[in-house]
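# Structural characterization, general
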Amino acid sequence: MSSDKDCIEDLRFYPTMASQEILCRSQSVKGGKAELLYTYIDVEPVVFNRGFYTVDMRYFYRVTLNAYCSCPRPVEIEGLCVFDKRVILFGSEGNAKIFSSQVRIDALDRQMIERSNLPIAVVEAVDPIVLDAKLVDCCQNRCCDCDICEIPSCVCQCFASELTMGDDSRRVFVTLGQFSIIRLERDSQLLIPVYDYCLPDKECPGGCGSDDPCQLFQNIAFPVEEFFPPNTLEIPGDYEGAKQFCSCRK
């Protein structure tokens, strides 16, 4: 498992068509908010290191910024930012082939496609923090940035209008702070001991099975510890117990 705190600097901002019209008239931009829309995950084994796997991720963000034009009041613009990340994690090995069937009511049972017990990558991430945003001239900074080739349809549907690659002369770059946890999961077999059911072969001494309540009471030992305070007092180790212990000593 990997717990990461990434400061992602200078991500290119791909505005929507409506936001691009505002950017053409903007003098500056400032940070707003960001939302993590989708994460594409791919897992591949490391060739020369058995049991280790590379996890490639692509984060798709919907970023909302404040654009300042001639009037002092900012105008909100939105667009897409993309971040690529790769980690190497240990996921052990497994060569078993798994076959299974799914039961469907009022239909024939269909056998699932053969699969292996390779690990599955799971990414847990919160919405990032917009740390910085800037509007720069392309001729001054990072003119050779490559455009993204493919955007999933589910990501495009999250925007009010169509996305654009922006203006070639001016571009917006955003810095995000991302917290995430990445782990590998796999099915594992557990060995659980099973014991046979056995009947008791001894009688209950002292008539514990009797219906006489007084006879049952005679078999209960006298609770001496309830009448005398303990010689030692154990200090609790947890937070709630320590609070109660300290309040009782006041």
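The structure displayed is predicted, hence computed values, not measured ones. Residue positions are counted from 1 within each chain, in the order its sequence is given. Residues qualify for local features only when their pLDDT is at least 70, as the model is predicted, and side-chain atom pairs are given and counted only at 80 or more; totals for whole chains, interfaces and linings, by contrast, use all residues. As a rule here, side-chain values come from all non-hydrogen atoms in the structure, and water together with hydrogens is ignored.

To continue, consider the overall build of the chain. The secondary structure listing takes helices from DSSP runs of H or I that are at least 4 residues long and strands from runs of E that are at least 2 residues long, numbered from the N terminus. A tally of regular secondary structure across the chain gives four helices and 12 strands. Relative accessibility thresholds used throughout: buried, under 20% of the residue-type maximum; exposed, over 50%; partly exposed, between the two (1.4 Å probe, protein chains only). Counting only residues that meet the buried cut, the chain has 29% of its 250 residues in that class. Note on definitions: a residue-residue contact is assigned when non-hydrogen atoms from the two residues lie within 4.5 Å. Relative to all contacts within the chain whose residues are 6 or more apart in sequence, the contacts with residues 24 or more apart total 77%. Here the open area of atoms and residues is found with the Shrake-Rupley method and a 1.4 Å probe, where only the protein chains shown may cover a residue. Working note: accessible area of the chain is about 18400 Å², and carbon and sulfur atoms make up 54% of it.

Okay, the nonpolar core next. By nonpolar core is meant a set of buried Ala, Val, Leu, Ile, Met, Phe, Trp, Tyr and Cys residues that side-chain atoms within 4.5 Å join together. Counting 31 residues, the largest nonpolar core has Phe 13, Tyr 61, Leu 65 and Val 174 as its most contacted members. Of all the secondary structure elements, the ones that give two or more residues to this core are strand 1 (2-12), helix 1 (17-23), strand 3 (28-45), strand 4 (52-68), strand 5 (75-90), strand 10 (120-125), strand 11 (129-137) and strand 12 (170-185). By residue number, the principal contributor to this core is strand 4, which donates eight residues. Among residues more than four places away in sequence, those in contact with Phe 13 are Leu 23, Val 63, Leu 65, Ile 77, Glu 78, Gly 79, Leu 80, Cys 81, Val 172 and Val 174. Counting seven residues, the second-largest nonpolar core is a separate cluster that includes Tyr 14, Val 82, Val 155 and Leu 163.

This brings us to a nonpolar patch on the surface. Note on patches: the residues involved have over 30% relative accessible area and no salt bridge, like charges join within 9 Å, and the nonpolar side chains Val, Leu, Ile, Met, Phe, Trp and Tyr join within 5 Å. A carboxyl oxygen of Asp or Glu within 4 Å of a side-chain nitrogen of Lys or Arg is what we treat as a salt bridge. Together, Val 126, Ile 129, Leu 131 and Phe 179 make up an exposed nonpolar region whose accessible area comes to about 370 Å². With respect to the helices and strands, Leu 131 occurs in strand 11. Looking at Leu 131, the relative accessible area reads 48%, which means it is partly exposed.

One can find Asp 137 in strand 11. According to the relative accessible area criterion, Asp 137 is partly exposed, its value standing at 32%. Note: C-alpha distance between Asp 137 and Arg 171 (34 residues apart in sequence) is 6.4 Å. Residue contacts for Asp 137: discarding those within four places in its chain leaves Ser 169 and Arg 170.

Within the structure shown, the criterion is met by eight salt bridges. Of the charged contacts, one joins Asp 4 and Lys 85 as a salt bridge, the two residues approaching to 3.1 Å between their closest N and O atoms. Of this pair, Asp 4 sits in strand 1 while Lys 85 sits in strand 5, and the two are 81 residues apart along the sequence. Here the two residues Asp 4 and Lys 85 agree in accessibility, since each one is buried. Salt-bridge contacts for Lys 134 lead to Asp 10; the nearest nitrogen and oxygen are separated by 3.3 Å. Of this pair, Lys 134 sits in strand 11 while Asp 10 sits in strand 1, placing them 124 residues apart in sequence. Owing to a relative accessible area of 28%, Lys 134 belongs among the partly exposed residues under this scheme. Among the charged side chains, a salt-bridge network with shared partners connects Asp 4, Asp 6 and Lys 85.

What follows covers the packing of aromatic side chains. Aromatic ring pairs are reported here in terms of the distance separating the ring centres and the angle at which the planes meet. Aromatic pairing here means that ring centres of Phe, Tyr or Trp (its six-membered ring) are within 6.5 Å. Orientation follows from the plane angle: under 30 degrees is stacked, over 60 is edge-to-face, and everything else is tilted. Here the structure, examined in full by the defined rule, presents four aromatic pairs. Judged by centre distance (6.1 Å) and plane angle (35 degrees), the ring pair of Tyr 38 and Phe 60 falls under tilted. Of this pair, Tyr 38 sits in strand 3 while Phe 60 sits in strand 4, placing them 22 residues apart in sequence. Residue Phe 60 is classed as buried on the basis of its relative accessible area of 3%. Each ring, one from Phe 52 and one from Phe 90, has its centre 5.2 Å from the other, and the planes form 65 degrees; the classification is edge-to-face. Taken as a pair, Phe 52 in strand 4 and Phe 90 in strand 5 lie far apart in primary sequence, 38 residues in all.

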